[in-house]
Amino acid sequence: MAVERLACGRDPDDVWEGLDRGPDEHERECPTCRAARESMIKVRDATLTMRERNDAPELAPPVNLASSIKSLARVQVRRDRTFSVVRDDAGELTTSEWAVVQTVRRALDPIEEIRVQRVRISQTSSGGLALTILIIISFGQRVPKVADEVRAVAEHELRRQLRQAVERVDVRVGDIREW
Amino acid sequence: MYLQGTVLGDDLPDRDQVRRLVAERVRSTPGVARLEPSLQQSLSKIAGRASGLLTGRQRPDSDGGVHVTLDGTTAHIKIDLVIRPDESIIRVGDEARAGVWNLLREAGFDVVKVDVAVLGLDG
């Protein structure tokens, strides 16, 4: 690409790079270069002033900006999927999948033979609840026995939380590990 | 009639008063960790902080999580909240719903509809 040059033939980048030193012999004599230097000095000084102002404490982002952005993300996640728990003339009680998943995870926490990887809750076509729990199971455990315990705890917790029977609880073992 | 610091005569409380009263009632419900502001309310709050930073003025916190629609003697309230761990979604949610419903009936509204959404656990 052709470099656009000053009328005297000088590359403007050379003039810019020479701003910190005094004008050379050509720049002292050449009116084009003198005018270019003056304009460039104004631009450089304005840029420096703006950069210094940018570092001013009063323009620094608030210390809690990052946590505010995280809380926005959480707000969105919590509202992602909601479903009705009670509906009557006085209004409706709904809850989010996020809330129910948190309660189920907490209820399953004390079971030492498993680590919960994922909990999904959905509504069946008949309006009931279906739960899918993906777990890692500790090496040496009997899978059916542990799965039954997981299923029983999850069902009990959902009944306590929502006073609704669960139509289906699927327990999937994703991995077996030693701990 | 006095209702949590608000003097009520023949007039019904206005939207801001209702929002404040509802927020106070919900926060005092056992098991409620906090109100959960909507995405729009959260964005407004951050924008308010940012504009306060530039103008030197900070906006007061709103009663985020409470949305009030009034039409004459009809009130429709939507509440988003977060409960404490180990609490029951249905117990806390129903108690908050009943508390607000009673509050508004006592305040003079004829038709009251209260929708509560329990969106998470915290605290």
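Calculation notes
- Residues numbered from 1 in each chain as written.
- Chains lettered and ligands numbered in written order.
- Predicted model: local features only at pLDDT ≥ 70, side-chain atom pairs only at ≥ 80, totals over all residues.
- Heavy atoms only, no water.
- Helix = DSSP H or I, 4+ residues; strand = E, 2+ residues; numbered from the N terminus.
- Buried < 20%, exposed > 50% of the residue type's maximum accessible area, 1.4 Å probe, protein only.
- Contact = heavy atoms within 4.5 Å.
- Areas by Shrake-Rupley, 256 points an atom, 1.4 Å probe, with all protein chains shown as cover.
- Core = buried A, V, L, I, M, F, W, Y, C linked by side-chain atoms within 4.5 Å.
- Expected span 1.5 Å × (residues − 1).
- Arc of directions from axis to C-beta.
- Pairing = 2+ DSSP bridges.
- Axes fitted to C-alpha atoms, helices over the stretch in contact; angles between N-to-C directions.

Peer 1: Hey, could you go over the overall build of chain B for me, with residue numbers and the actual values?
Peer 2: Assigned secondary structure in chain B consists of three helices and six strands. Put simply, chain B has 123 residues, and 43% of those count as buried. Contacts spanning at least 24 positions in sequence make up 72% of the contacts within chain B whose residues lie at least 6 apart. Surface exposure of chain B reaches about 6200 Å², of which carbon and sulfur atoms provide 49%.

Peer 1: Before we move on, can you summarise the overall build of chain A with the specific residues and values?
Peer 2: When its secondary structure is counted, chain A shows six helices and five strands. Ordered by position in the sequence, the α and β elements of chain A form the string α-α-α-α-β-β-α-β-β-α-β. When each of the 179 residues of chain A is scored for burial, the buried share is 33%. Counting only contacts in chain A whose residues sit at least 6 apart along the sequence, the fraction spanning at least 24 positions is 50%. With the model as given, the accessible surface of chain A reaches about 11600 Å², and the carbon-plus-sulfur share is 50%.

Peer 1: I'd like a description of the nonpolar core, backed by residues and values.
Peer 2: Grouped together as the largest cluster of nonpolar side chains are 56 residues, with contacts concentrated most on Leu131(A), Ile133(A), Val22(B), Ile77(B) and Ile79(B). Per element, the largest residue contribution to this core is seven residues, and it comes from helix H3 (residues 89-106) of chain B. When residues no more than four places from it in sequence are discounted, the contact partners of Ile79(B) are Val22(B), Val26(B), Leu35(B), Gly65(B), Val100(B), Val114(B), Asp115(B), Val116(B) and Ala117(B). One finds Leu6(A), Leu19(A), Cys30(A) and Cys33(A) within the second-largest nonpolar core, a separate group that totals seven residues.

Peer 1: Break down helix H4 (residues 65-78) of chain A for me, citing the residues and quoting the values.
Peer 2: An α-helix turns once every 3.6 residues. As a result, residues three or four positions apart point the same way. Residues and elements named next belong to chain A. End to end, H4 covers 20 Å across 14 residues, agreeing with the expected 20 Å (1.5 Å per residue, within 8%). Those residues of H4 that sit buried are Ser68, Leu72, Val75 and Arg78. For H4, the arc enclosing every buried residue in end-on projection is 130°, short of the 170-degree limit, so these residues lie on one face.

Peer 1: Just give me the short version of the environment of Leu12(B), but keep the residues and values in it.
Peer 2: Residues and elements named next belong to chain B. The topology assignment puts Leu12 in the loop between strand S2 (6-7) and helix H1 (15-27). Leu12 sits 95 residues away from Ala107 along the chain, and the two C-alpha atoms are 6.8 Å apart. In this structure Leu12 touches Gly72, Thr73, Ala107, Gly108 and Phe109, once residues within four positions along its chain are discounted.

Peer 1: Pulling in residues and values, what's your account of the sheet that holds strand S5 (residues 166-177) of chain A?
Peer 2: Residue and element names in this part refer to chain A. The mixed open sheet is built from three strands, whose spatial order is S3-S4-S5. Because the sheet does not close on itself, it has two edges, and the strands there are strand S3 (114-123) and S5. On average, adjacent strands in this sheet sit at an angle of 15° to one another, irrespective of strand direction. For S3 and strand S4 (residues 129-138), the ladder comprises nine bridges, and the chain directions are antiparallel. The residue of S4 that forms the bridge with Arg115 is Ile136. Along the sheet face, helix H5 (residues 97-108) touches S3 and S4 and points at about 145° away from the line of S3.

Peer 1: Describe the environment of Leu6(A), and please don't skip the residues or the numbers.
Peer 2: Residues and elements named next belong to chain A. Along the chain, Leu6 turns up in the segment before helix H1 (12-17). Once the C-alpha coordinates of Leu6 and Cys33 are considered, the two residues, 27 residues apart in sequence, prove to be 7.6 Å apart. Ignoring sequence-local partners within four residues, the contact set of Leu6 consists of Pro12, Val15, Thr32, Cys33 and Ala36.

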